[in-house]
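Observations on the three-dimensional arrangement
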Amino acid sequence: METATNADLRKDFLAPDLFHIGEVRGVYTHDDRLVVGGAVPGTGRLELPAWDVLGTGTHLARRELGIVNVGEPGHVLVDDEKFELGHLDGLFVGRGSEVVFAGADAAFYFVSAPAHATYPTVLLSHAAVEPVKLGSPAGANERSLYRYAWGQELQTAVLQFGVTVIADGSVWNTCPPHLHDRRTEVYLYVDLDEKDRVFHFMGRPGAARHLVMGNREAVISPPWSIHSGVGTGSYAFIWAMGGENNEYTDLTPVPLEDL
Ligand SMILES: O=C[C@H](O)[C@@H](O)CC(=O)C(=O)O
């Protein structure tokens, strides 16, 4: 990463173009074998595919799934049970289920991870999750952290995910940064005006690089990489991770002076 060109970084760590009407698109990571994707049903219904890379008959035969609706209201069928999702509402789907996406103006972001056990499917209403207030206006990093799956109330095998909403007037996320060597993490930036950008910082402490990212673009953070960003306008992001455990607090802060 230290010697890569910007084009190399974008090729290897950026997941753009996940959201196309009538399509389910996905990116497979060898770091912790996460699948990161988008499903935009339009007027139809879209099944979550079992892409060849997985080598199984269905996508969730050996995986569990986190979904967040980053568009307008829609619904997800899980083994034919209907779950209504509004903007930024989430859904955890346990191993073994079949998933169908629907909603003319909905756009579903999803992350799946290998799961050694099956846990119940649970709807995660954004309005019902009590956020953790982080940062401050003085640090320009005031934000609300909505933990949907983080190893506590909601039971999962390894998947953790949630949404962080940056307060008006603030621009930084995940600053000071941190590392979690036992997990890979993916950020999807959303609710960013088309003219704005997020400068996302990545890499080892002391050798940080950056990607310039637009709305609804995702970035893969390998376990050794910091993951922090600063925007030119207001935004939110969906964070999702998987790996050795599902303990949110299993992380190592990186003091700013070590960058
Ligand atoms: O491992 C935790 C993830 O990086 C996010 O929860 C951090 C975050 O949302 C933030 O501080 O802004």
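Criteria and thresholds
- Residues numbered from 1 in each chain as written.
- Predicted model: local features only at pLDDT ≥ 70, side-chain atom pairs only at ≥ 80, totals over all residues.
- Heavy atoms only, no water.
- UniProt positions renumbered as here; feature names shortened; annotations may be inferred.
- 1 Å grid on protein atoms, 1.4 Å probe; cavity = no way out; pocket = protein on both sides within 12 Å on 5 of 7 lines; lining within 4 Å.
- Points joined across faces, edges and corners; volume = space filled by probe spheres on them.
- Helix = DSSP H or I, 4+ residues; strand = E, 2+ residues; numbered from the N terminus.
- Nonpolar A, V, L, I, M, F, W, Y, C, P; charged D, E, K, R; others polar.
- Pairing = 2+ DSSP bridges.

Going by what an unreviewed UniProt entry lists, the protein is known as 5-dehydro-4-deoxy-D-glucuronate isomerase and is assigned to Actinoplanes sichuanensis. Note on the protein: under the UniProt heading Cofactor (unreviewed entry), the record states "Zn(2+)".

**Topic: the layout of surface pockets**
Approximately 300 Å³ is the volume attributed to the largest pocket. Taken together, 20 residues form the lining of the largest pocket, with Leu-134, Arg-143, Thr-174, His-178 and Tyr-248 sitting closest to its centre. Put simply, the parts of the chain that give the lining of the largest pocket at least two residues each are strand S13 (143-149), strand S17 (183-190) and strand S22 (236-243). Looking at the lining of the largest pocket residue by residue, the classes come out as twelve nonpolar, five polar and three charged. As a volume, the second largest pocket reaches approximately 170 Å³. Lining the second largest pocket, in full, are Tyr-28, Arg-33, Val-53, Leu-54, Thr-56, His-59, Arg-62, Arg-63, Arg-95, Pro-114, Ala-115 and His-116.

**Some remarks on the pairing of strand S2 (residues 23-28)**
Of the strand pairs in this sheet, S2 and strand S3 (residues 35-40) are connected by six bridges, and their pairing is antiparallel. Residue Arg-25 lies in a different strand from S3, and its bridge partner there is Gly-38. Between the end of S2 and the start of S3, which pair antiparallel, lie six residues, with Asp-32 showing a positive phi angle near 60 degrees.

**Observations concerning unusual backbone geometry**
That bond from Cys-175 to Pro-176 is cis: its omega, 0 degrees, falls within 30 degrees of zero. You can see Pro-176 is positioned in the loop between strand S15 (172-173) and strand S16 (178-179). At Leu-88, a position not held by glycine, the phi torsion is positive, near 70 degrees. Position of Leu-88 among the secondary structure elements: in the loop between strand S7 (81-85) and strand S8 (90-93). Positioned with a positive phi, Asp-191 is a non-glycine residue whose angle comes to about 55 degrees. By secondary structure assignment, the location of Asp-191 is in the loop between S17 and strand S18 (198-203).

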